[in-house]
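# Observations on chain architecture
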Amino acid sequence: MDKGKAVMGSGRRWAVEFTDNSTSNSSRDIPDPPGFTRASHDPDDSAVSKQKKDAEANWKSQKAWEVAQAPFKNLFMMGFMMWMSGSTVHLFSIGITFSALWQPINALRGVGKVFEPYKDNRVDLLAPKLVFIALNLVGLGMGIWKLNTLGLLPTHVSDWVSSLPPAQEVEYSGGGIPLY
């Protein structure tokens, strides 16, 4: 049977036989496309592959810096959300504060995994990792500050010992016009 012809007597309407029973090597009959050579080159010796490796290392370095600076965008969003939640203890403010604490902790636990795709002998990841850690520590500090403004951090001796009187409030509010 000829190559690529339909088989009519097998009970099917159309069938194609994909086996090549010819004795000639068909890949040698077709010339290579322009710009393609079959000769194998050692990639370490060619200048083109060195440029490609340098470009890839440069790309990995840029992407590592982008990942390192990503928590900076989160800081403004989290700060705005904490400001909007107010300074009273209620469900929304506690949820925002928990999120402000949890996100940096998880990010700090996974620093190695975050920068794993950018590991290369030519790329120095120490500076991006330090920036990433510093920005996440700033986010963690914002969460701790929010805990303090909510009054949930034990910052006075009376918070630890129940027999001592609570601290005197430094501020008080009052105002309005007295109505007599």
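Residues numbered from 1 in each chain as written. Predicted model: local features only at pLDDT ≥ 70, side-chain atom pairs only at ≥ 80, totals over all residues. Heavy atoms only, no water.

From N to C terminus, the protein chain includes five helices and zero strands. Expressed as a percentage of the 180 residues in the protein chain, the buried residues total 20%. For the protein chain, long-range pairs separated by at least 24 residues make up 61% of all intrachain contacts whose partners lie at least 6 apart in sequence. Per element, the accessible surface of the protein chain, about 14,500 Å² overall, is 61% carbon and sulfur. (Helix = DSSP H or I, 4+ residues; strand = E, 2+ residues; numbered from the N terminus. Buried < 20%, exposed > 50% of the residue type's maximum accessible area, 1.4 Å probe, protein only. Contact = heavy atoms within 4.5 Å. Areas by Shrake-Rupley, 256 points an atom, 1.4 Å probe, with all protein chains shown as cover.)

Under the counting rule described, the total for this entry stands at four salt bridges. One salt bridge connects Glu 56 with Lys 60, and the closest N-O pair in it is separated by 3.6 Å. You can see Glu 56 and its partner Lys 60 sitting in helix α2 (residues 47–85), four residues apart, about one turn around the helix. Among the residues examined, Glu 56 registers a relative accessible area of 41% and is labelled partly exposed. Given the relative accessible area of 12%, Lys 60 is considered buried. In this structure, Lys 63 engages Glu 66 in a salt bridge whose closest nitrogen and oxygen atoms are separated by 3.5 Å. Of the two residues, Lys 63 and Glu 66 both sit in helix α2, three residues apart, roughly one turn of that helix. (Salt bridge = Lys/Arg side-chain N within 4 Å of Asp/Glu carboxyl O.)

To continue, consider the packing of α2 against helix α5 (residues 126–149). Contact pair α2 / α5: the axes reach a minimum separation of 8 Å and the direction vectors enclose 10°. Comparing the axis directions of α2 and α5 gives the class roughly parallel. For the pair formed by α2 and α5, the contact residues are Ala 64, Trp 65, Val 67, Ala 68, Gln 69, Pro 71, Phe 72, Leu 75, Met 78, Gly 79, Met 82 and Ser 85 on the first element and Ala 127, Pro 128, Val 131, Phe 132, Leu 135, Asn 136, Val 138, Gly 139, Met 142, Gly 143 and Lys 146 on the second. Grouping the amino acids of the contact of α2 with α5 by side-chain chemistry returns 16 nonpolar, six polar and one charged. (Axes fitted to C-alpha atoms, helices over the stretch in contact; angles between N-to-C directions. Parallel < 35°, antiparallel > 145°, perpendicular 65-115°, else oblique. Nonpolar A, V, L, I, M, F, W, Y, C, P; charged D, E, K, R; others polar.)

One can find Ser 158 in the segment after α5. The exposure class of Ser 158 is buried, given its relative accessible area of 16%. Not counting the four nearest positions on each side in its chain, Ser 158 is found in contact with Leu 164, Pro 165, Pro 166 and Ala 167.

Turning our attention to the UniProt feature "transmembrane region" (unreviewed entry) in the protein chain. When the UniProt feature table is mapped onto this chain numbering, "transmembrane region" (unreviewed entry) sits at residues 80–105 and 125–145. In this annotation, residues 125–145 is assigned 95% helix and 0% strand; the end-to-end C-alpha distance for the span is 30 Å. (UniProt positions renumbered as here; feature names shortened; annotations may be inferred.)

For the protein chain, per-residue confidence averages 82 on the pLDDT scale, and 81% of positions sit at 70 or higher. For the protein chain, the element scoring lowest by mean pLDDT is helix α1 (residues 26–29), at 60; α5 scores highest, at 95. (pLDDT = per-residue confidence, 0-100.)

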